[in-house]
Amino acid sequence: MHYKQAILLDSTFLEAYNNLGNALKDVGKVEEAITCYQSCLALQPNHPQALTNLGNIYMEVNMINVAASFYKATLSVTTGLSAPYNNLATIYKQQGHYAEAIACYNEVLRIDPMAADGLVNRGNTFKELGRVSEAIQDYIRAVTIRPTMAEGHANLASAYKDSGHVEAAIKSYKQALMLRVDFPEATCNLLHTLQCVCDWEDREDKFAEVETIVRQQIKMQLLPSVQPFHAIAYPIDPILALEISGKYAEHSSLVASRFGLHPFSHPVAMPVKSDEGSGRLRVGYLSSDFGNHPLSHLMGSVFGMHNRENIEVFCYGLSQSDGSEWRQRISAEAEHFIDVSSISSDQISRMIADHQIQILINLNGYTKGARNEIFAMQPAPIQVSYMGFPGTTGAKYIDYLVTDEFVSPTCFAHIYSEKLVHLPHCYFVNDYKQKNRDVLDLSCQPKRSDYGLPEDKFLFACFNQLYKMDPDIFIAWCNILKRVPNSALWLLRFPAAGESRLLAYAAAQGVQPEQIIFTDVAAKSEHIRRSALADLFLDTPLCNAHTTGTDILWAGLPMVTLPLEKMATRVAASLCFATGCGEEMVVNSMQEYEERAVLLATNHKKLEDLTSKLRVARLTCPLFDTARWVRNLERAYFKMWNLHCSGNHPQPFKVVEDDTEFPYNQ
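In short, a report on the structure. (Residues numbered from 1 in each chain as written. Predicted model: local features only at pLDDT ≥ 70, side-chain atom pairs only at ≥ 80, totals over all residues. Heavy atoms only, no water.)

Attention shifts here to the overall build of the protein. Secondary structure summary: the protein contains 30 helices and 13 strands in total. Here the C-alpha radius of gyration of the protein, 28 Å, is about what a compact globule of 666 residues would show, namely 26 Å. Dimensions along the principal axes, computed over C-alpha positions, put the protein at roughly 100 × 70 × 45 Å. Residue burial in the protein is summarised as follows: out of 666 residues, 57% are buried. When the accessible surface of the protein is totalled, it reaches about 27300 Å², and 51% of it is carbon and sulfur. Looking at charge distribution, the protein has the averaged site of its 59 positive side-chain charges lying 1 Å from that of its 74 negative ones. (Helix = DSSP H or I, 4+ residues; strand = E, 2+ residues; numbered from the N terminus. Rg over C-alpha atoms; globule rule 2.2 N^0.38 Å. Buried < 20%, exposed > 50% of the residue type's maximum accessible area, 1.4 Å probe, protein only. Areas by Shrake-Rupley, 256 points an atom, 1.4 Å probe, with all protein chains shown as cover. Lys, Arg positive; Asp, Glu negative; His and termini not counted. Charge placed at Lys NZ, Arg CZ, Asp CG, Glu CD.)

The structure is reproduced here in structure tokens:
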């Protein structure tokens, strides 16, 4: 190489060492490249390019902290290079230090205000922090500076979607795909956005294209462009959904590895009530949804209901307090509540390990705000998935999935990576008996006229988000409406952008315009109360009513539901069976779905009997007995821990309400 000749002629030739290092790095001779950069720095310790290049090498081999030290060294001698700021921002972001990342991107944009990549990167960071309007402004500036930047348009689309501007999102995704036809993320995200507004044109072809993309990505060991949370509501093979989750779990492990933590020391495997035991089982709940969120609406009482003689509860809040009644209540009632929203993932893991948590519960799964890298660091000896994500995590570091025998039957165990723990009755907990008893007071019920609903029609309803709908179920609903005289279907603008499409679709099926009625989404308590104004709830088989299903059953509104194979398709049926009225509400085929809905709508006595039976059952059935459910969960926790103490690997088991076989306290 010419650089070697230059060094032979002049051993103090700085740039020759640096350039030779670059050339060696480009051909994969990393160790020799490091030696060249170090030789350069021996001659000039503050050489900015050599410092940056060393940082880049360590970054590529995942030695993040070493890389960061070189980037910081570069910035200590010059503030005129954007690359070290950009790379340092990437490290900060990976470690959850978002404020520091934004400060670095600000410096990138100080050096070059027209840096479109810097704007997109800062926008991405704003978006992860939930500062969507600031993200949108950065993306708009980026695509204004560089209109051909496909990534900028795609990220703008994603931010528009998050902020409810669905039509603008669709337009931006399409613009991204015009600029770059082979753009898997944009293709997959556009499909999901179209499903959110019930745009079903060429739906089967689009799903086939996306499935091909995802299978190819998995084959190439890439992170799939379909997120696990989207996959649960897609008509795809359950094994493919498992593989998608598995890839995201592997990515969380990669993120965890960047922190360079040593394995944690776990609590001694000793029964808690033994002489050497701790006396109580230490259980940690990790969630970003302690606040005004469906998870807290459902689980609000659970954390304080645990028996303090046997269970010591630690709640770790990944999000800042929203000041809501649910956040205040959980933080007050849980024995320990720690706001860890401003702490990095490695520090949270250390804290969990220091607290000697024996069982750690993942209440997020792959939902917004999750920090699954914490679980990948394995700060607790037993790690469990529950409630937040109705599907498999695909994660080797999650031992158990808490579910029930109907939602996740043993015959479907192969579509889960976790060992299945079957709770009695229904796995899906709720807090309505404690927090929503006003629904039972007939004197404070709303009237149909309050919402512009017809007083004289048989009123079907579906309050699910529109992305859960598909052409098959909507055609079935249209058929039902045509068969039931003087009937209408009540839907929510969830989102509003779907309304016109569904109305047009219904008209094409021969349904009259006045038979499809949309109202706005309501606040939680009002939503539950007004649900009773309908006569019959029609569920979506592809992805059921989960929280919504619990809402309407507590309101005393019967439903018709059709379970399929994946977990998210079977929850509503489990809810129904746990009321004791499941046989009348759960069907086995789409044809039976139609027939059952028509039968209940046209046989007044049959529906009246079912409704009356459901309303009477609310105060006695297992579905709404939160204290009983908590006791059964504690039985599961003790079984998990005692299996661990016996030296057994995690294994599936079914909890029974038997104090001898499944004690809740030892």
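Picking up after the structure, the text goes on.
It is worth spelling out the packing of aromatic side chains at this point. The full count for this structure, using the stated rule, is 24 aromatic pairs. Put simply, the rings of Trp200, Phe474, Trp477 and Tyr505 pair up and form one aromatic cluster. Over the ring of Phe662 we find Lys639; its NZ or CZ atom is 5.4 Å from the centre of that ring. (Phe/Tyr/Trp six-rings, centres within 6.5 Å; stacked < 30°, edge-to-face > 60°. Lys NZ or Arg CZ within 6 Å of the ring centre and 35° of its normal.)

A word on the pattern of salt bridges. A side chain with one charge can pair with a side chain of the opposite charge if their charged atoms come near. Tallied over the full model, the rule gives 31 salt bridges. The salt bridge involving Asp431 is made with Arg329; its shortest N-O contact spans 2.7 Å. On the criterion of sequence distance, the pair formed by Asp431 in the loop between β7 (419-423) and α21 (432-435) and Arg329 in helix α18 (residues 325-333) is long-range, its members being 102 residues apart. Using a relative accessible area of 16% as the deciding quantity, one classes Arg329 as buried. Here the residues in one salt-bridge network are Arg280, Arg282, Glu312 and Glu335, joined through shared partners. (Salt bridge = Lys/Arg side-chain N within 4 Å of Asp/Glu carboxyl O.)

In this section: unusual backbone geometry. In this model, Phe494 is joined to Pro495 through a cis peptide bond whose omega is 15°. If you trace the backbone, Pro495 turns up in the loop between β9 (487-492) and α23 (499-508). The backbone of Asp202 sits at a positive phi, close to 55°, despite the residue not being glycine. Looking at the secondary structure, you find Asp202 in the loop between α12 (184-196) and α13 (203-219).

To continue, consider the nonpolar core. Counting 120 residues, the largest nonpolar core has Tyr285, Phe460, Trp477 and Met640 as the members making the most contacts within it. When residues in this core are grouped by element, the largest group, ten residues, is from helix α30 (residues 626-645). Every residue in contact with Trp477, bar those within four places of it in the chain, is listed here: Cys462, Met469, Leu489, Leu491, Leu538, Asp539, Thr540 and Tyr593. Core analysis: the second largest hydrophobic core is formed by 47 residues, Cys196, Val214, Ala241 and Ile374 among them. (Core = buried A, V, L, I, M, F, W, Y, C linked by side-chain atoms within 4.5 Å. Contact = heavy atoms within 4.5 Å.)

Once that is clear, we can look at the packing of helix α11 (residues 166-179) against α12. Between α11 and α12, the shortest axis-to-axis distance is 10 Å and the interhelical angle comes to 155°. Classified by the angle their axes make, α11 and α12 are roughly antiparallel. Along this stretch, α11 crosses α12, giving a crossing that reads as left-handed. Contacts between α11 and α12 involve Val166, Ala169, Ile170, Tyr173, Lys174, Ala176 and Leu177 from the former and Ala186, Thr187, Asn189, Leu190, Thr193 and Leu194 from the latter. Residue composition of the contact of α11 with α12, by class: nine nonpolar, three polar and one charged. (Axes fitted to C-alpha atoms, helices over the stretch in contact; angles between N-to-C directions. Parallel < 35°, antiparallel > 145°, perpendicular 65-115°, else oblique. Left-handed = near helix turned anticlockwise from the far one by under 90°. Nonpolar A, V, L, I, M, F, W, Y, C, P; charged D, E, K, R; others polar.)

A few words now on the side chain of Glu634. For Glu634, the position within the fold is in helix α30. Of the buried charged residues, Glu634 lacks a salt bridge, with Arg631 as the closest side chain of opposite charge at 4.4 Å. Residues in contact with Glu634, not counting those within four places in the same chain, are Met305, His306, Asn307, Ile311 and Tyr664.

A few words on the sheet that holds strand β4 (residues 359-362). Read from one edge to the other, the open sheet built from eight strands follows the order β3-β2-β1-β4-β5-β6-β7-β13, with strand pairing classed as parallel. A single partner strand is all that each edge strand has here, and the edge strands are β3 (336-339) and β13 (653-654). Where β7 lies against β13, two bridges are found, and the strand directions are parallel. Pairing of His422 across the sheet is with Lys654, part of β13. (Pairing = 2+ DSSP bridges.)

As a further point, take the environment of Leu459. Looking at the secondary structure, you find Leu459 in strand β8 (residues 458-462). Judged by its relative accessible area of 0%, Leu459 is buried. Considered as a pair, Leu459 and Val181 are 278 residues apart in the sequence and their alpha carbons are 45 Å apart. In contact with Leu459, other than residues within four places in its own chain, are Arg448, Leu453, Ala488, Trp490, Ile517, Leu533, Ala534, Asp535 and Leu536.

For the coordinates displayed, the defined rule picks out five cavities of 30 Å³ or more. Volume-wise, the largest cavity comes out at about 140 Å³. If you go around the largest cavity, you meet 16 residues; those closest to its centre are Ile232, Ala241, Gly391, Thr392 and Lys566. Breaking the lining of the largest cavity down by element, the ones donating at least two residues are α14 (228-231) and α15 (238-257). (1 Å grid on protein atoms, 1.4 Å probe; cavity = no way out; pocket = protein on both sides within 12 Å on 5 of 7 lines; lining within 4 Å. Points joined across faces, edges and corners; volume = space filled by probe spheres on them.)

On to helix α29 (residues 604-617). In a regular helix each residue adds 1.5 Å, so 14 residues correspond to 20 Å; α29 covers 20 Å between its end C-alpha atoms and thus fits that length. Of the surrounding elements, those touching the buried residues of α29 are β8, β11 (536-538), α25 (547-554), α27 (582-585) and α28 (590-602). (Expected span 1.5 Å × (residues − 1).)

This part is about the sheet that holds β8. Taken in spatial order, the five strands of this open sheet run β10-β9-β8-β11-β12, and their pairing is parallel. The open sheet has two free edges, formed respectively by β10 (516-519) and β12 (559-560), since each of these has just one partner strand. Direction of pairing for β8 relative to β9: parallel, over a ladder of five bridges. Residue Phe458 lies in a different strand from β9, and its bridge partner there is Ser487. Sheet contacts for helix α22 (residues 471-483): β8, β9, β10 and β11; angle to β9, the most-contacted strand, approximately 145°.

This part is about the pairing of strand β2 (residues 311-317). For β2, the tally of buried residues reaches seven of seven residues, placing the bulk of the element in the interior. In β2, alternate side chains face the same way, and those of Ile311, Val313, Cys315 and Gly317 on one face and Glu312, Phe314 and Tyr316 on the other are all buried. Pairing analysis gives seven bridges linking strand β1 (residues 281-287) to β2, with the strands arranged parallel. Bridge pairing in β2 places Ser287 opposite Gly317. On the question of chirality, the crossover connecting β2 to the parallel β3 by way of α18 is right-handed. (Right-handed = clockwise from strand over helix to strand, strands pointing away.)

Attention shifts here to the pairing of β4. In β4, alternate side chains face the same way, and those of Ile359 and Ile361 on one face and Leu360 and Asn362 on the other are all buried. Sheet topology note: the β1/β4 ladder contains four bridges and is parallel. Bridging across to β4, Tyr285 finds its partner in Ile361. Across four bridges, the pairing between β4 and strand β5 (residues 382-385) is parallel. Within the sheet, the bridge partner assigned to Leu360 lies in β5 and is Gln383.

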